[in-house]
Amino acid sequence: MIEAEVHLSLHNFLRSQAGFPSWPHHLTMARLVARALRLGRSALIQVGAVSGYQGRYRTSFVASALMWHGPVIIVAPEAIQQSLLQVEIPRLQPWLQANKPIRIGEVWPGSDFQGLLLTSPQAWLKGQFTFADHFPPSIPTIIDGVDDLEDWVRHQLTQVIQPHDWDQLILACPHQAEIIRSAQAKLAHELFQHPANPYHCYLISPLEIDILGDLYSHLDSVSTLPDPWKNFWQQFPPNHHNPSPSSPSALFWATIARRQGLFSLHYAPTELGTTLAPIWQKQPVVLIGSALESETEAPLFRQRLGLAQVTCLKFSNDTQNPAIQLYLPPKLPLPNTPEFQAAFIHKVRTLVCLSATAPGLTVVLVGDVPLKAQVGAILASEFGSRVQVEKTCLDENGILVSGWEFWRSHQTVLPAPHLFIIATLPLPSLENPLVAGRVAYYKRSHQDWFRLFLLPTALNELQRAIAPVRENHGIVALLDSRVVNRSYGAQVLAVLSPLARINYLDPSLFSHPNDQNSD
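Keep in mind that this is a model prediction, so the values were computed, not measured.

### Remarks on the packing of helix α6 (residues 121-129) against helix α12 (residues 273-280)
- Following both chains from N to C, one finds α6 and α12 inclined at 90°, their axes separated by 11 Å at the closest point. The angle between the axes of α6 and α12 places the two elements in the roughly perpendicular class. Taking contact as the criterion, the partners of W124, Q128 and F129 in α6 are, on α12, T275, L276, I279 and W280.
- Here the contact of α6 with α12 is composed, by residue class, of 5 nonpolar, 2 polar and no charged.

Structure (structure tokens):
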């Protein structure tokens with residue numbers, strides 16, 4: 001069977017690689033992927049946060065894909081595709097004597113193609129949602145990096161009305177030109193009444209829905225609407241004056257460029273499972289993520305993505321993974337109090353000063369946009385050009401002040417930090433209108449929005465963020481006292497394990513990080 005063949009070949013390959021960084025679960029994962037290919041049975045694999053950051057597990061599924069006799073699709077972001085093409089595949093092909101053709105593209109090469117196709121998540125999802133012939137059914141598909149799958153899907157399904165689309169609508173509907181201009185002006189007036197927020201976006205209000213609904217009623221009979229408007233109206237609430245809470249969930253919002261006086265309209269589904277469920281039935285899929293959930297079966301993730309019957313596997317933390325040193329001060333003010341900002345900035349200055357003689361990068365992770373700018377300015381006034389706010393050109397002992405999204409996007413190309421300071425847990429902010437809209441959906445459905453949405457998102461983000469610090473034997477300073485004072489703090493500490501908890505500060509911590517004992 002293919003499982004035995006992959007196991008033997010990969011085992012011999014790994015033994016031949018003197019000095020090659022090992023991963024203890026290569027053979028288990030390779031067998032599971034090979035089994036999924038043979039049986040046509042989908043699987044969900046969690047490789048762990050550190051393994052996800054390092055990417056060493058990819059040797060396993062590449063070996064199975066190369067040795068499988070039939071065609072395979074690998075869905076991965078471009079950076080991972082390049083790693084597969086330049087490192088994994090060239091290293092494995094000669095040893096495995098696999099002459100399978102390799103292609104990169106956004107559509108299936110042809111009906112007679114029996115090789116390996118590498119494609120992006122955007123291209124694959126676009127093919128699933130809009131172009132059925134781009135990727136034929138029944139071809140086994142491996143999706144790497146599914147921690148970001150929800151974001152990929154929601155971005156793909158988002159419909160946007162850009163400012164120039166109003167001009168296109170007038171050209172397509174000249175008899176309704178005055179009605180269209182009037183609706184645009186009314187919307188602009190209402191939208192610019194919203195107070196400014198750091199996210200520059202706002203949920204569509206009932207009055208704004210009425211304006212759009214009135215415009216829709218005048219254009220309903222037009223059969224040649226431009227595609228952006230046609231797609232937008234397809235999602236618009238049919239009974240916009242009184243949308244039913246039980247109707248298909250939708251998130252309508254506007255983004256505003258105040259200086260330019262422009263706005264864009266957006267639609268995205270709140271619930272993805274119903275849309276995605278039919279896609280998983282078209283072909284066997286192996287989904288690979290780093291740290292989706294604490295449970296092997298990942299029930300919340302599977303529910304959100306519409307995954308029904310799949311074989312689930314979660315690799316335990318590698319015992320070789322070093323424990324992080326976790327500084328968790330017990331008496332800091334809570335993040336939602338007026339005293340927090342000053343106490344946080346004071347603690348950051350103390351940590352940076354104590355670690356000044358230690359070589360390496362310091363990262364200060366701040367999710368709050370105004371606070372991030374303030375911290376950057378204060379640190380720059382004291383430490384000069386060492387401090388950069390969301391920049392990748394850093395000194396050897398630089399200080400990076402960053403938000404969560406920037407760090408996630410660039411952590412693989414930046415040096416592993418020796419000191420990692422976290423202002424607050426990465427719980428999605430209810431001040432973000434898009435988060436508030438999703439929370440409202442959970443509330444309407446009488447579901448626990450914190451347990452099902454906010455907390456799992458934060459735990460996944462947190463594990464992925466500190467992975468480079470763990471590899472570098474660094475120190476994590478988590479300055480959010482909710483970890484100590486809230487019941488869910490135990491879950492936070494569990495996903496950060498293994499760890500050595502410290503509640504004091506001393507310069508020797510930065511000189512001898514390995515002297516701490518693991519929990």
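Having seen the structure, we can now continue with the description.
### Overview of the side chain of R386
- Among the secondary structure elements, R386 is positioned in the loop between α15 (369-383) and β14 (387-389).
- In this structure, R386 is buried with no salt-bridge partner, the nearest side chain bearing the opposite charge being D395 at 6.0 Å.

### Things to note about the nonpolar core
- Residues F420, L478, V492 and L496 are the most contacted members of the largest nonpolar core, which totals 39 residues.
- Mapped by element, the contributors of at least two residues to this core are β12 (324-327), β13 (362-365), α16 (404-410), β16 (419-422), α17 (433-444), α18 (449-471), β17 (475-478) and α20 (489-496).
- The biggest single contributor to this core is α18, with 10 residues.
- Excluding residues within four positions of it along the chain, L478 makes contact with L326, Y327, L328, P329, I422, L425, V483, V492 and L496.

### Looking at unusual backbone geometry
- Residues S497 and P498 are joined by a peptide bond in cis, for which omega reads 0°.
- You can see P498 is positioned in the loop between α20 and β18 (499-502).
- Not every positive phi belongs to a glycine, and E390 is a case in point at roughly 50°.
- Checked against the element boundaries, E390 lands in the loop between β14 and β15 (399-402).
- In this model, H473 sits at a positive phi of 55°, which is unusual for a non-glycine residue.
- As for its placement among the helices and strands, H473 is situated in the loop between α18 and β17.
- By relative accessible area, which is 36% here, H473 ends up partly exposed.

### A short note on the environment of G40
- By the element assignment, G40 lies in the loop between α2 (26-39) and β1 (43-46).
- As a C-alpha pair, G40 and S138 span 98 residues in sequence and 8.4 Å in three-dimensional space.
- Ignoring sequence-local partners within four residues, the contact set of G40 consists of R35 and P284.

### As for the packing of aromatic side chains
- Evaluated as defined, the whole model comprises 19 aromatic pairs.
- Seen from their ring centres, Y216 and W233 are 4.9 Å apart, and the 40° between their planes marks the pair as tilted. Here Y216, found in helix α10 (residues 206-219), pairs with W233, found in helix α11 (residues 227-235); they are 17 residues apart in sequence, far enough to count as distant.
- Owing to a relative accessible area of 28%, Y216 belongs among the partly exposed residues under this scheme.
- Between the aromatic rings of F252 and Y267, the centroid separation amounts to 5.1 Å while the plane-to-plane angle is 45°, which identifies the pairing as tilted. Of this pair, F252 sits in strand β8 (residues 251-257) while Y267 sits in strand β9 (residues 262-268), and the two are 15 residues apart along the sequence.
- Judged by relative accessible area, Y267 falls into the buried class, the value being 7%.
- These aromatic residues form a ring-pair network of at least three members: W166, Y216, W229, F232, W233, F252, F263 and Y267.

### Some details on the UniProt feature "domain: ATP-dependent helicase C-terminal" (unreviewed entry) in the chain
- The UniProt feature table records "domain: ATP-dependent helicase C-terminal" (unreviewed entry) at residues 419-497.
- Along residues 419-497 the backbone is 59% helical and 10% strand, and the end-to-end C-alpha distance reaches 17 Å.

### Regarding the sheet that holds strand β5 (residues 141-144)
- With parallel pairing, the 7 strands of this open sheet are ordered in space as β3-β4-β2-β5-β10-β1-β11. Across the chains shown, the open sheet's two edge strands, defined by having one partner strand only, are β3 (102-104) and β11 (311-314). Direction aside, the axes of adjacent strands within the sheet are offset by 15° on average.
- Where strand β2 (residues 72-75) lies against β5, 3 bridges are found, and the strand directions are parallel. In the sheet register, V75 faces β5, and the bridge partner there is I143.
- Sitting on the sheet, α2 is in contact with β1, β2, β5, β10 (285-289) and β11, with an inclination near 170° to β11.

### Some points on the sheet that holds β8
- Here 4 strands make up an open sheet; going across it, the order is β6-β9-β8-β7 and the pairing antiparallel. The sheet is open, and its two edges are formed by β6 (159-161) and β7 (201-203), each paired on a single side. Taking the axes of each pair of neighbouring strands and ignoring which way they run, one obtains an average angle of 25° across the sheet.
- Two strands pair when backbone bridges link them, and β7 and β8 are joined in this way by 3 bridges, in the antiparallel orientation. When the bridges of β8 are listed, L203 appears paired with W253.
- In the packing of helix α9 (residues 177-191) onto the sheet, contacts are made with β8 and β9, and the angle to β9 comes to roughly 90°.
- Here α17 sits on the sheet and contacts β7 and β8; the angle it forms with β7, its principal contact strand, is near 25°.

### Observations concerning the environment of L354
- Among the structural elements, L354 can be located in helix α14 (residues 340-354).
- Taking the C-alpha atoms as reference, L354 lies 55 Å from F232; in sequence the two are 122 residues apart.
- In this view, L354 contacts L505, D506, P507 and F510; residues no more than four positions away in its chain are not counted.

### Section: the pattern of salt bridges
- Counted according to the given criterion, the structure contains 13 salt bridges.
- Here E382 and R349 are joined by a salt bridge, their closest N and O atoms 2.8 Å apart. Remark: R349 occurs in helix α14 and E382 occurs in helix α15; sequence separation between them is 33 residues.
- Accessibility expressed as a relative area gives 37% for E382, which makes it partly exposed.
- Where salt bridges share partners, they join E150, R304 and R438 into one cluster.

### A short note on helix α5 (residues 78-96)
- Of all the bends in α5, the largest measures some 40° and sits at I89, one to four residues before the proline P90.
- Within α5, the full set of buried residues consists of I80, Q81, L84, E88, I89, L92 and L96.
- Tucked inside the fold, the buried residues of α5 contact α1 (2-16), α4 (58-67), β2, β3, β4 (116-119) and β5.
- Immediately beyond the C-terminal end of α5, within one or two residues, lies Q97, with a positive phi of roughly 50°.

Basis of the calculations
Residues numbered from 1 in each chain as written. Predicted model: local features only at pLDDT ≥ 70, side-chain atom pairs only at ≥ 80, totals over all residues. Heavy atoms only, no water. Axes fitted to C-alpha atoms, helices over the stretch in contact; angles between N-to-C directions. Helix = DSSP H or I, 4+ residues; strand = E, 2+ residues; numbered from the N terminus. Parallel < 35°, antiparallel > 145°, perpendicular 65-115°, else oblique. Contact = heavy atoms within 4.5 Å. Nonpolar A, V, L, I, M, F, W, Y, C, P; charged D, E, K, R; others polar. Buried < 20%, exposed > 50% of the residue type's maximum accessible area, 1.4 Å probe, protein only. Lys, Arg positive; Asp, Glu negative; His and termini not counted. Salt bridge = Lys/Arg side-chain N within 4 Å of Asp/Glu carboxyl O. Core = buried A, V, L, I, M, F, W, Y, C linked by side-chain atoms within 4.5 Å. Phe/Tyr/Trp six-rings, centres within 6.5 Å; stacked < 30°, edge-to-face > 60°. UniProt positions renumbered as here; feature names shortened; annotations may be inferred. Pairing = 2+ DSSP bridges. Bend = angle between axes of the 7 residues up to and from the residue.

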